[in-house]
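A structural walkthrough
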Amino acid sequence: MLTRQISISAPIFLLIFIIQESVITQFRLPGGGFSLLTIFALTWAVLSQTEAAAVIGFSAGFLMDLSQSSSGPFGQWTLIMLLAGYAISYVGYGDDNVHGNAIGTVFFVVIASFFVELAYLISGVLLGVPMPTFGRIVITLIGMTLWALLISPILLPLFTYLHKLIINSRSIL
Amino acid sequence: MRNGGDGRARLLLVILIVTSLFLITLDLRGVKVLGGLTQGTQTVLSPFQRAGNTVLTPVKNFFSDVTSLGRTRSQIQNLKNENAQLKLDLLSRKNADGELEQLKKILDLAGTAGYKVVNARVISQGSSQSFSQTITIDLGTNAGIKRNMTVLSEFGIAGVVKDVYPTSALIQLASDPGFRIGGRIAGTQQIGILSGRGTQNASLQLLDNSTSIVEGDVLLARGSIFNRPFVPGVPIGYVTGADNSAGAVAQTATVRYYTNFSTLAVVAVVVSGPTSNPGDALVPQKPRPTPVPTVTIFVTPSPTPSN
């Protein structure tokens, strides 16, 4: 079941990754912009069970590490996204306020994207990754959270539809 | 919240965490276990990035115009009078002209110093999600570009080649927090180390505090052994603030880069350095004030006072 879900999800993740790298990165958006892959992976994790969420987080993080704009050591995003995916699914599991309510899902994704960025920052400091000024960090953190707040509600219906399609694909097929 | 977790999920989580930590450890120890995969990914992505750049350039220009609405109100008012086709042509022309202008200035800069350069177009602006400042250019190893080569903009230093792939290369911008370059003050020849801050300004730490630096002093690249990663004489920026306090062990200063990193469209990679050090030849000339003509009026009183 898990293997089937992952094999069907993989092309979607690759497509999102290509869109992120070839389209989103063309724009130097204010406040650091947003990561479509992060938002997608976190939304997917919220809607999935913990096992699947961990694998999703791992896969998304692995792709983010492959991105040329990743400044940290290879595996840093993998670890953070893995933990974020597992944690977000673990906390939201069985909570109807999250699964049955679009606002709850968006709230979860936005908060998670903030903490993901914060975790990357803190782990980056521990691993010796060069950091910008404090002001720049604050602007990026706030900017990315606001972007996630703006983008998540717009894309949530599409992501939810895709998730339902894949999870229920056995009955559809 | 989930009440506990089954053994299989926990085992999977532990395996994935260990794998991640293994990857981090290998990378920090310098084992490029996934170097080929990263290169392959970039090779696959660069045609997409190139296509994205071509398709999205008019859109980017549109947003650029919108963001500068307040400053170019009169210009936009004039543009409103033109028809849609002319607007589109103008946007395309504007982009080409801007790139041509940048290219011309880069070639002037490189020609004055005797650098052999390869011109490249910026095809992607790196995401700042990782708190790094990078761009991707459309040339790579096939065009003779190698790691640790100096990258120039029309005004001076733009960055350094961080990673190179067959048809593209990743440039670490000079504004990146991890960027370091040895510099010298034009004229006094004081040397120091400049560090990026993630903004248009950078921190300069001088190695000697025997003389003082003043605002407006120009900072040039000191150059590296065999001209890599930095060729000598490239203008970096000018001092906007200096801490000349007597008790300080070393002087520090704030330097503003000449290059505007948010408008980079064309850059040049120095593939071969100069045969001799260009010295201060590339120091940008200060703008000369336009002389205001003085009008002198001679009044000659009439011999007989008129009534």
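Procedures and definitions
Residues numbered from 1 in each chain as written. Chains lettered and ligands numbered in written order. Predicted model: local features only at pLDDT ≥ 70, side-chain atom pairs only at ≥ 80, totals over all residues. Helix = DSSP H or I, 4+ residues; strand = E, 2+ residues; numbered from the N terminus. Buried ≥ 20, exposed ≤ 12 C-beta atoms within 10 Å, placed from the backbone. Contact = placed C-beta atoms within 7 Å. Pairing = 2+ DSSP bridges. Axes fitted to C-alpha atoms, helices over the stretch in contact; angles between N-to-C directions. Expected span 1.5 Å × (residues − 1). Nonpolar A, V, L, I, M, F, W, Y, C, P; charged D, E, K, R; others polar. pLDDT = per-residue confidence, 0-100.

1. Quick word on the overall build of chain B
When you go through chain B residue by residue, the secondary structure sums to four helices and twelve strands. The 307 residues of chain B split such that 36% are buried. Contacts in chain B between residues far apart in sequence, at least 24 positions, make up 62% of those at least 6 positions apart.

2. What about the sheet that holds strand β2 (residues 134-137) of chain B?
All names here are of chain B. The six strands lie next to each other as β1-β2-β5-β4-β3-β12, forming a closed barrel whose pairing is antiparallel. Each adjacent strand pair in this sheet contributes to an overall mean axis angle of 45°, direction not counted. Sheet topology note: the strand β3 (residues 150-152)/strand β12 (residues 266-272) ladder contains two bridges and is antiparallel. Note that in β12 the partner of L152 across the bridge is A268.

3. Observations concerning the environment of A143(B)
Summarising the element assignment, A143(B) is placed in the loop between β2 and β3. Between the C-alpha atoms of A143(B) and P166(B), which are 23 residues apart in sequence, the distance is 8.2 Å.

4. Notes on helix α4 (residues 76-92) of chain A
Compared with the 24 Å implied by 1.5 Å per residue over 17 residues, the 24 Å span of α4(A) between its first and last C-alpha is a close match. Extensive coverage of α4(A) is indicated by the burial of 14 of its 17 residues.

5. Points about the interface of chain A and chain B
Note: interface size is frequently given as the accessible area lost on complex formation between the parts. At the junction of the two partners, chain A supplies 43 residues and chain B supplies 47 residues. Breaking the side of chain A that touches chain B down by element, the ones donating at least two residues are α1 (2-22), α3 (50-66), α4, α6 (102-127) and α7 (134-167) of chain A. Of the residues contributing to the side of chain A that touches chain B, the split by class is 20 nonpolar, 19 polar and four charged.

6. Comments concerning the confidence of the model for chain A
Reading predicted coordinates in detail is not appropriate for stretches of low pLDDT. When pLDDT is averaged along chain A, the result is 85, and 91% of the positions lie at 70 or above. Across residues 169-173 of chain A, confidence stays below pLDDT 50; counting only partners more than four residues off in sequence or on other chains, it has one contact.

7. Some thoughts on the sheet that holds strand β8 (residues 201-206) of chain B
All names here are of chain B. Ordered in space as β6-β7-β8-β11-β10-β9, the six strands form a closed barrel in which the pairing is antiparallel. Taken over all neighbouring pairs, the strand axes of this sheet differ in orientation by 40° on average, direction set aside. Direction of pairing for strand β9 (residues 218-221) relative to strand β10 (residues 235-243): antiparallel, over a ladder of three bridges. Note on β10: the bridge partner recorded for V218 is Y238.

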